[in-house]
Protein chains: 2
Amino acid sequence: MGKQGVVAVDLGGTNVRLGLVTAGGKVLRRRRIKMRTFSAKDGLLAWLAEAIDGFLSDAGPAFAARAVAIGFAGPTDSRAGRVYYAPNVGRLAGIEVASGLRRLVGLRVVVENDANCAALGEYWLGAGRGAKSLFLFTVGTGIGGSFVVDGKVWRGHDGIAGEIGHTVVMVGGPRCSCGKRGCLEALVSATAIVRDYRAALRPGRAGRAPRVAGAEAEPLEAKEVFERARSGDRRARQVIDCAARALGIGIANVFHLLNPEVILVGGGVSRAGAALLGPATEEARSAVFGPLRGRLRVRRTSLGDDAGMLGAAYLALDRRRI
Amino acid sequence: MGKQGVVAVDLGGTNVRLGLVTAGGKVLRRRRIKMRTFSAKDGLLAWLAEAIDGFLSDAGPAFAARAVAIGFAGPTDSRAGRVYYAPNVGRLAGIEVASGLRRLVGLRVVVENDANCAALGEYWLGAGRGAKSLFLFTVGTGIGGSFVVDGKVWRGHDGIAGEIGHTVVMVGGPRCSCGKRGCLEALVSATAIVRDYRAALRPGRAGRAPRVAGAEAEPLEAKEVFERARSGDRRARQVIDCAARALGIGIANVFHLLNPEVILVGGGVSRAGAALLGPATEEARSAVFGPLRGRLRVRRTSLGDDAGMLGAAYLALDRRRI
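Since this is a predicted model, take the numbers as computed values, not measurements.

Attention now moves to the interface of chain B and chain A. Listed by partner, the interface residues are 41 residues for chain B and 41 residues for chain A. For the pair chain B and chain A, the number of links is four salt bridges. Across the salt bridge formed by A:Arg295 and B:Asp158, the nearest N and O atoms sit 3.2 Å from each other. Put simply, the parts of the chain that give the side of chain B that touches chain A at least two residues each are strand S6 (82-86), strand S9 (133-139), strand S10 (143-149) and helix H7 (234-258) of chain B. Tallying contributions element by element places H7(B) first for the side of chain B that touches chain A, with seven residues. Of the residues in the side of chain B that touches chain A, the class split is 24 nonpolar, 10 polar and seven charged.

Here it is in structure tokens:
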């Protein structure tokens, strides 16, 4: 007899990860494909259905898929199976992912925000195991967040809770992709780090031209800014330190408002630089009420890129979690 | 036969309100006394016990008190019956209110943070009735907050969740009473409004002396700043507008992070000026993700000064709520 489980799909801004996941959380088979953008919702859903069908048929008849779980970058109403909007896949809005995809693949489909999936994955099998409550920061191109209590995402009344990236921590601060000023995402994300480093390399108001070797070839990825900081680039260090302190403020805000048992930090940027989490935690600790400082628990996530896929699978395996 | 219920005590920064509250939420008898400060915890508890005993004996034998409920200004661990610290009553820390007071008055005692009490009161009998989830902002001398889900306060792992006043919304902003910079409380509270209006009256960097009538006699209460704004004082209007916009940012932050069904705004300052909630809600709405703007629900509280007392009673009437 073959194995049972679910197809979990993690739709990131750059890559789509597919996995066959068993009820025990074992990933039997994986695939990574490049993300695309779409001008219509039907195109996106047809493309997704094709990717899932191909993945399942390559896996052969030994695996019986009971459901499909989709982790989506964008505010999602998972109870309704709908993505409010998905900036990363082509500025689409109001995508009926669950019903649309169910028609195409013939399996039950659950859909959930990617940060919520990652948090559930870490709760199920990672750094949040056993925590009665946890808040996850995903620091990547943008900033995501998710609040998990008793193994259930706190989704809020409209399903969009957890959007820590678009909480304002600096009134009048830099412009965010969402249009507002001073969102956490505008201060800490990969995008923000690259923007600030570029600005630091340009002659500033003080009028001084940069003297850093290689300054002409401006880096395009936050990863390179972290590498330069490690090699002693003072400007890169300052930019990362600034981002880390803003992340620390975000962590302290979550501690004061939600007081979760543990706060996890994951996502591409957090992996690129250990330089981030140290000063961020330090800043957060100094911002927490004195008598409660010892209660702040900040940890790195432990599942890496698998977190979202595993969390999506966790949801599909037990629909009561939605 | 006499009536049954609880003694509810709301310990504010200025006043202590005592009430005899029935299981149906009726306040049979009230008393208001001036708050005092104390240099020792025992002194505070003895004073409280005396006030409660006096209140009960004046009520006579017709009322049978089953428990005492205390709403306390300051971070509280209600499960442990302990107040972490209470800046308003004399910088006391680690007060064992429940056990200490039980010994003195001979009744079961529950203790809870005052903002949590107010939120429970509004949930039980006020503007939050029927809401599956609500967040309350109390805007007074300071800013309190409370998150209530299914009629239960979300207290967090250490019992201190809800402290929206000490979330930072303006990195590098004005100094807060807690020592940090840019806390919501440092921008919106009565204290902040008075401070900013005073600063606005002083000759600024531009070097111009104030030309406002009565500017010499600087107002001591936020209420007066609101009154001046109403009578056309441009500086007062600007200060209140600024505070309102910061409150709007706080409201939008709560919406994005917790997405409660309804957000309530109460407290002395919110009552003093309708000028606050209008522009605050407007600012919050403009800060919310476009497709979700219609989902933001902001309301004024409806129980006024009784909210804290009633919420404390609600807790004592049903200990499962803790």
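This is not the end of the story, as more comes after the structure.
For the pair chain B and chain A, the best superposition has an RMSD of 0.0 Å and corresponds to a rotation of 180° with a translation of 0.0 Å parallel to the axis. Taken together, the turn and the small shift mark the pair as related by a two-fold rotation axis. Mapped onto chain A, 100% of the interface residues of chain B again fall at the interface, so both copies present the same surface.

Residue and element names in this part refer to chain B. It is the contact of H7 with helix H9 (residues 274-287), at a shortest axis distance of 7 Å, that shows an interaxial angle of 45°. Comparing their axes, H9 and H7 come out oblique. In the packing of H7 onto H9, the handedness of the crossing is right-handed. Contact residues: H7 offers Ile 240, Asp 241, Ala 243, Ala 244, Arg 245, Leu 247, Gly 248, Ile 249, Ile 251, Ala 252 and His 256, while H9 offers Ala 275, Leu 276, Pro 279, Ala 280, Glu 283, Ala 284 and Ala 287. For the contact of H7 with H9, the per-class residue count stands at 13 nonpolar, two polar and three charged.

On to the packing of aromatic side chains. If you walk through the whole model with that rule in mind, you get 14 aromatic pairs over all chains. Seen from their ring centres, A:Phe135 and A:Phe137 are 5.2 Å apart, and the 65° between their planes marks the pair as edge-to-face. By the burial criterion, A:Phe135 is buried, and A:Phe137 matches it. Among the aromatic residues, ring-to-ring pairing joins A:Phe135, A:Phe137, A:Phe147 and B:Trp154 into one connected group.

About the thresholds
- Residues numbered from 1 in each chain as written.
- Chains lettered and ligands numbered in written order.
- Predicted model: local features only at pLDDT ≥ 70, side-chain atom pairs only at ≥ 80, totals over all residues.
- Heavy atoms only, no water.
- Contact = heavy atoms within 4.5 Å.
- Salt bridge = Lys/Arg side-chain N within 4 Å of Asp/Glu carboxyl O.
- Helix = DSSP H or I, 4+ residues; strand = E, 2+ residues; numbered from the N terminus.
- Nonpolar A, V, L, I, M, F, W, Y, C, P; charged D, E, K, R; others polar.
- Least-squares fit on C-alpha atoms with pLDDT ≥ 70 in both.
- Axes fitted to C-alpha atoms, helices over the stretch in contact; angles between N-to-C directions.
- Parallel < 35°, antiparallel > 145°, perpendicular 65-115°, else oblique.
- Left-handed = near helix turned anticlockwise from the far one by under 90°.
- Phe/Tyr/Trp six-rings, centres within 6.5 Å; stacked < 30°, edge-to-face > 60°.
- Buried < 20%, exposed > 50% of the residue type's maximum accessible area, 1.4 Å probe, protein only.

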